[in-house]
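# Report on the structure
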Amino acid sequence: EAVGILHKFRDGVAERDILWFVVTDQAAESNLQSMTAGMAESVREKLEVQPEGASVILIGKDGGIKDRSGELDLERFLSRIDQMPMRIREMREQDEGK
């Protein structure tokens, strides 16, 4: 389900340069081209993902956790990203380049 939502919003995800991971105790998926099993385990450990519960974690480009949620509300996350200073600068630069 989460992967389908991420694909549905693929243009917004690409525009914001979002790298996503869907990690469960069974599998891992990502838009990263070469994700290994070891990388999936590292992501699970670093973010303290619990196998019995879902967590959606928004991590900024600075590496800090910006938001956690029990469900994927991608519209809310994209809005949150658009309010971040780095994203505001990116949008301003895009507008100036037109």
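For every chain, the first residue of its written sequence is number 1, and the numbers climb from 1 along that sequence. In keeping with the model being predicted, local features are shown solely for residues with a pLDDT of at least 70 and side-chain atom pairs are shown and tallied solely at 80 or more, while totals for entire chains, interfaces and linings include all residues. Each side-chain value is derived from all of the structure's non-hydrogen atoms; neither hydrogens nor water enter the calculation.

## Points about the pattern of salt bridges
To keep it simple, the criterion reads: Throughout this description, the term salt bridge denotes a Lys or Arg side-chain nitrogen within 4 Å of a carboxyl oxygen of Asp or Glu. Strands are runs of DSSP state E lasting at least 2 residues, helices are runs of H or I lasting at least 4, and numbering of each runs from the N terminus. The cut-offs for exposure are 20% and 50% of the maximum accessible area for each residue type, with area from a 1.4 Å probe on protein chains only; residues under the lower value are buried, those over the upper are exposed, and the others partly exposed.
Applying the stated rule across the entire model yields 7 salt bridges. Ionic pairing is found between R87 and E15, a salt bridge with its closest N-O pair at 2.7 Å. You can see R87 sitting in helix α5 (residues 85-96) and its partner E15 sitting in helix α2 (residues 10-15), a full 72 residues away along the chain. A relative accessible area of 3% means that R87 is categorised as buried. Residue D62 pairs with K66 through a salt bridge whose shortest N-O separation is 2.9 Å.

## Regarding the nonpolar core
Cut-off, in case you're wondering: In these notes, a set of buried Ala, Val, Leu, Ile, Met, Phe, Trp, Tyr and Cys residues joined through side-chain atoms within 4.5 Å is what counts as a nonpolar core. Should any heavy atoms of two residues lie within 4.5 Å, those residues are counted as being in contact.
Formed by V3, L6, V13, W20, V56, L58, L74, F77, L78, I81 and M84, the largest nonpolar core amounts to 11 residues. Counting only elements with at least two residues in this core, the list comes to α1 (2-8), β3 (56-59) and α4 (74-82). Examining the composition of this core, we find that 4 residues originate from one element, α4, more than from any other. In contact with L78, other than residues within four places in its own chain, are F9, G12, R16 and I18.

Function cannot be read off these values alone, since they describe shape.
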